Structures are given as structure tokens and as C-alpha cells.
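# Report on the structure
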Amino acid sequence: MKEFIISEAQTEKAVLVGLITPEQNEQKVKEYLDELAFLADTAGAETVKKFWQKLDYPNPVTFVGTGKLQEIKEYVVENEIGLVIFDDELSAKQLRNIEKELQVKILDRTNLILDIFARRAQTAHAKTQVELAQYKYMLPRLTRLWTHLERQRGGVGMRGPGETQLETDKRIILDKIAKLKRDLVDIDKQKSVQRKNRGKMVRVALVGYTNVGKSTLMNLLSKSEVFAENKLFATLDTTVRKVIIENLPFLLSDTVGFIRKLPTELVESFKSTLDEVREADLLVHIVDISHPTFEEQIEVVNKTLAEIDKTEKPMIMVFNKVDAFTFVPKEEDDLTPRSRENIDLDELKQTWMNKLQDNCIFISAKERTNIEELKTMLYERVKQIHITRFPYNDFLFQQYDEETEDE
């Protein structure tokens, strides 16, 4: 069964497909497809073309219209494309019909993210979570998967999927899902014990959109080597480190990055990973201010946080990558309204960010800009939480110098 869950790690040429609908205009679709191209690159595919079509709603049979599908097919054949990726989740019926028409591998955004997660999973915990999410995604699409498998194997010894074969396979997958859920319950119990054993220390969680620099900042603050690279979902497993600033120890955790249209199967499967967010005393929301749509990314993270945990938690906004921030000054004779790209950083700070006052800071983790100021801010917030919780101050270390801290 497993051989067709995860695609092979090889560079493939891919085309991307999105829809302009009343809910998302052309500019949004272009942004989403740019992000989908980044996801495809992370998965090892090279994007060679993007298609989009304006429709009131996705075609229930083929997602796009038949004319657009024919246009995609002609391009795929002419350019020997082996992979077509759709920006929204496809139903079993859509997958089956599109695959039958295009005769190449079809993925949707959910499937692509699951594929990346499968490659990135390192620990037994992450692997179990990803596998559970994959089987949940696969279950309603069994018919398509079996016809796909039949064609791969040339139909030798198989008389087509058939109701009996599908029912057997459905039972196998349901059994696997049940087992994986039991495994996760056991792992969650172990994790819960680990969290209780961490004692009285205040917990701080780094949260943010994927690829905003959480792991880089984690390395700076904790003086550890957490894997960090310029790819989406570089880290899946929550890393927890003990950090000491001046005389104050606390626990800092790096969580999985959020993304638009994060598959529900993943949110469900990664609940235990997100427990670090639930149990945190302070959230540090990291934002890539150099990204053209960083405000929408903030909205996505806040919405996901609200789904994970209904309780309001104190939060610091950390605007990272100020070294990469760019803007385009308007010409003096240009009378058109200014767009977001015409606003410089100083002016941006005077907009809604000004209301955040002491709850935000502008840094560059890469260039180490304002890192000491961030440490001071963290120290004050953590100390405030600590003193409120433990008024007798029974856990603060004696002051000591930097050399002792490194040992």
C-alpha cells in the first residue's frame, strides 16, 4: 500500500492551476500560485507554467472548465510535463476525471503539503502524525487511487478495482487509521509527562507563518543548532530548549509553521505538536516583514491560533527580516494612489503597528539586528509572568556572567 502514498524524491516539471472566484481576485490567485510554486520547489518539482481561470465556483467535474482543461492538456503534451498541481483540494470525482483527461500525475495543494511533510518527518512522532493525515486524505479517494495503481501495474492479474477489492482496502486503511490513532495517544501521554516534568519554568512558544525565521531565531536565543533553511516546513517536530537571559531561565519552543489553506487532516494530526502553543504562557509571533503579503500571513496565523486555543495569551509581535525589506518610491509626477510597495519601513511603523507600542519589535535574526533588545523584552515579560505565578521568587538564578551561561 505505502508505495503510492509518497511520491519519489526527484525533480519533475510541473504546471500549477488556480481559480479566480468571487472570494479570491486575480491578485490573490497569483499570490497563492507563487506560494504553491514555493511548495512545489520544496517538494522537488520545478514549476514551468501557471494557469488560472475566472469562474463563479469550481467545476464539480473537472475543477476548471473543459476548454481550460483542454488548453492545459495541450501544454502538458507539448512540453512533456509529468505533474499538474491544483491550488485547492480536489474531490475524488474531480481527481479521477482530470487524471483520465490529462494522463499525468495530479496533485492538489493538500496532497502536496502532505508529501512535503512526509519527506520532512524525522522522528517517530512526526512520521506517525503524517501517516495518519495521509490515510485520512486517502480514504475518500480510494477509487481513484486504485485505478491509478491498476494503470501503474498494467492491470496484470487485476480485473479492475471492483467493489470487493475497494471494500477490503477500505477496511485495511480504517484499521491503519485506528492503530495510528492509538499510537499517537501513547506518544501524547509520553509528551504530556515530559511537559509536566519541566517543572515551574515559564513557557514561551515561537509561532508564525512558515519560513519567517523561527528556527534561526531559536538558534540565536538558545545557542543551539536547530535545523533552519529557506524552505517551507523546514522543521516539523517541536523543539524545546531551556534559555537563560540574565538570571532568568525559561523554556522556548519552536513550532511547525502555519500556511494558508492548511489541510484539516494535518491540523488534526498535529494537535500534540500544537499543545506547546496551548500550554505556552507567552507567544512570540514572528512575521517576515519583507514578504509582500505579510499582513495576510499575520491574519492566517491569528486565525489558526484561535482554532487551536480559545484562551487569550499575551503575545509579542517580532517583525523579522528588516534587512530584506524593500520599497519603491513613487515618482513626483505620479498621481496614482500609493500602494503597499510605495511605503517605507519608518512610515509603516506609524500605521497600525504603532498601536502595538511595547508589544512589537523590529529585528533581523540573520544580521543579529536588535537581538539584544528582543532579549531584554523577553526577559521583562517572562519575569512578569514568573513573579505573578511564584511571588516568593524561588526559582530565579543568581546573576552571573555570559561565560558561565555558555557552559
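Residues numbered from 1 in each chain as written. Predicted model: local features only at pLDDT ≥ 70, side-chain atom pairs only at ≥ 80, totals over all residues. Heavy atoms only, no water.

Our focus in this paragraph is the sheet that holds strand 6 (residues 239-245). One open sheet accounts for six strands, arranged 6-7-5-8-9-10; its pairing is mixed. The sheet is open, and its two borders are formed by strand 6 and strand 10 (360-362), each paired with just one other strand. Between one strand axis and the next, the sheet turns through 25° on average, direction left out of account. Pairing geometry for strand 9 (residues 315-320) and strand 10, over three bridges, is parallel. Residue pairing in the sheet places V318 in a bridge with I361 of strand 10. The sheet strands contacting helix 11 (residues 294-308) are strand 5 (203-208), strand 8 (282-288) and strand 9, and the helix crosses strand 8 at an angle near 150°. (Pairing = 2+ DSSP bridges. Helix = DSSP H or I, 4+ residues; strand = E, 2+ residues; numbered from the N terminus. Axes fitted to C-alpha atoms, helices over the stretch in contact; angles between N-to-C directions. Contact = heavy atoms within 4.5 Å.)

Quick look at the pairing of strand 6 now. Pairing geometry for strand 6 and strand 7 (residues 248-254), over seven bridges, is antiparallel. In the sheet register, V243 faces strand 7, and the bridge partner there is F250. The antiparallel pairing of strand 6 with strand 7 creates a hairpin that spans two residues between the two strands, and E246 there sits at a positive phi of about 55°.

The next subject is the sheet that holds strand 4 (residues 105-108). Pairing within the open sheet is parallel, and its four strands lie in the order 2-1-3-4. Edge positions in the sheet fall to strand 2 (45-54) and strand 4, since each of these pairs with one other strand and no more. In this sheet, adjacent strand axes meet at a mean angle of 25° when their direction is disregarded. Looking at chain direction, strand 1 (residues 12-20) and strand 2 are connected through nine bridges and run parallel. Note that in strand 2 the partner of G18 across the bridge is W52. Contacting strand 1, strand 2 and strand 3 (83-86), helix 2 (residues 66-78) runs over the sheet at an angle of about 160° to strand 2.

A separate point is the side chain of T21. Note on placement: T21 falls in the loop between strand 1 and helix 1 (26-43). T21 sits in the buried class, given a relative accessible area of 14%. When residues no more than four places from it in sequence are discounted, the contact partners of T21 are L55 and D56. (Buried < 20%, exposed > 50% of the residue type's maximum accessible area, 1.4 Å probe, protein only.)

This paragraph deals with the nonpolar core. Counting residues in each nonpolar core, the largest one holds 87 residues, and the members touching the most others are V84, I85, I106, L112 and L378. Of all hydrophobic cores here, the second largest spans 14 residues; its members include V287, I298, L345 and F362. (Core = buried A, V, L, I, M, F, W, Y, C linked by side-chain atoms within 4.5 Å.)

This part covers the packing of helix 8 (residues 214-222) against helix 13 (residues 371-389). Contact pair helix 8 / helix 13: the axes reach a minimum separation of 11 Å and the direction vectors enclose 75°. Overall, the two elements helix 8 and helix 13 adopt an arrangement that is roughly perpendicular. Across from L217, L220 and L221 in helix 8, the residues of helix 13 making contact are I371, L374, K375 and L378. Across the contact of helix 8 with helix 13, the residue classes tally to six nonpolar, no polar and one charged. (Parallel < 35°, antiparallel > 145°, perpendicular 65-115°, else oblique. Nonpolar A, V, L, I, M, F, W, Y, C, P; charged D, E, K, R; others polar.)

This part covers the packing of aromatic side chains. Scanning the model with the defined rule gives three aromatic pairs in all. Between F51 and Y75, the ring centres sit 5.7 Å apart and the planes meet at 75°, which makes this aromatic pair edge-to-face. Placement of F51 in strand 2 and of Y75 in helix 2 is noted, with a sequence separation of 24 residues between them. We classify F51 as buried; its relative accessible area is 4%. Between F63 and F86 the ring centres are 5.4 Å apart and the planes differ by 85°, which places this aromatic pair in the edge-to-face class. Remark: F86 occurs in strand 3 and F63 occurs in the loop between strand 2 and helix 2; sequence separation between them is 23 residues. (Phe/Tyr/Trp six-rings, centres within 6.5 Å; stacked < 30°, edge-to-face > 60°.)

Our focus in this paragraph is helix 1. Across its 18 residues, helix 1 extends 25 Å between first and last C-alpha, which sits within 8% of the 26 Å expected from 1.5 Å per residue. What helix 1 keeps buried is the set V29, E31, Y32, L33, E35, L36, A37, L39, A40, T42 and A43. Two or three places before Q27, at the opening of helix 1, N25 has a side-chain oxygen 3.3 Å from that residue's backbone nitrogen. One or two positions beyond helix 1, positive phi appears at G44, with a value near 100°. (Expected span 1.5 Å × (residues − 1). Polar contact = N/O pair within 3.5 Å; in protein donor to acceptor, adjacent residues only side chain to side chain.)

In this section: unusual backbone geometry. Excluding glycine, most residues fall at negative phi; most peptide bonds, likewise, are trans. Its identity is not glycine, yet K321 carries a phi of approximately 65°, on the positive side. Tracing the backbone shows K321 in the loop between strand 9 and helix 12 (345-349). Notably, R368 is not glycine yet its phi reads approximately 65°, a positive angle. Position of R368 among the secondary structure elements: in the loop between strand 10 and helix 13.

The next thing to look at is the packing of helix 4 (residues 109-120) against helix 5 (residues 124-138). Between helix 4 and helix 5, the least distance of the axes is 10 Å, while the angle of their chain directions is 155°. Taken as axis vectors, helix 4 and helix 5 run roughly antiparallel relative to one another. You can see that helix 4 and helix 5 cross each other, and the crossing is left-handed. Between helix 4, through T110, N111, L114, F117 and A118, and helix 5, the contact on the second element is made entirely by V130, A133, Q134 and Y137. (Left-handed = near helix turned anticlockwise from the far one by under 90°.)

Here we come to the environment of V240. When you line up the elements, V240 lands in strand 6. Assessed through its relative accessible area of 22%, V240 is described here as partly exposed. With twelve residues separating them along the chain, V240 and L252 place their C-alpha atoms 5.6 Å apart.

In this section: helix 11. Relative to the 21 Å expected for 15 residues at 1.5 Å per residue, helix 11 spans 21 Å between its end C-alpha atoms, a close match to the ideal helical length. Buried within helix 11 we find F294, E296, Q297, I298, V300, V301, T304, L305 and I308.

Next up on the list: the confidence of the model for the protein chain. Within the protein chain, residue pLDDT values average 79, and 80% of them lie at 70 or more. Low pLDDT (under 50) marks residues 1-9, which in the prediction has 24 contacts with non-local residues, meaning those over four places away or in another chain. A low-confidence stretch, residues 144-163 (pLDDT under 50), is modelled with 26 contacts involving residues beyond four sequence positions or located in other chains. (pLDDT = per-residue confidence, 0-100.)

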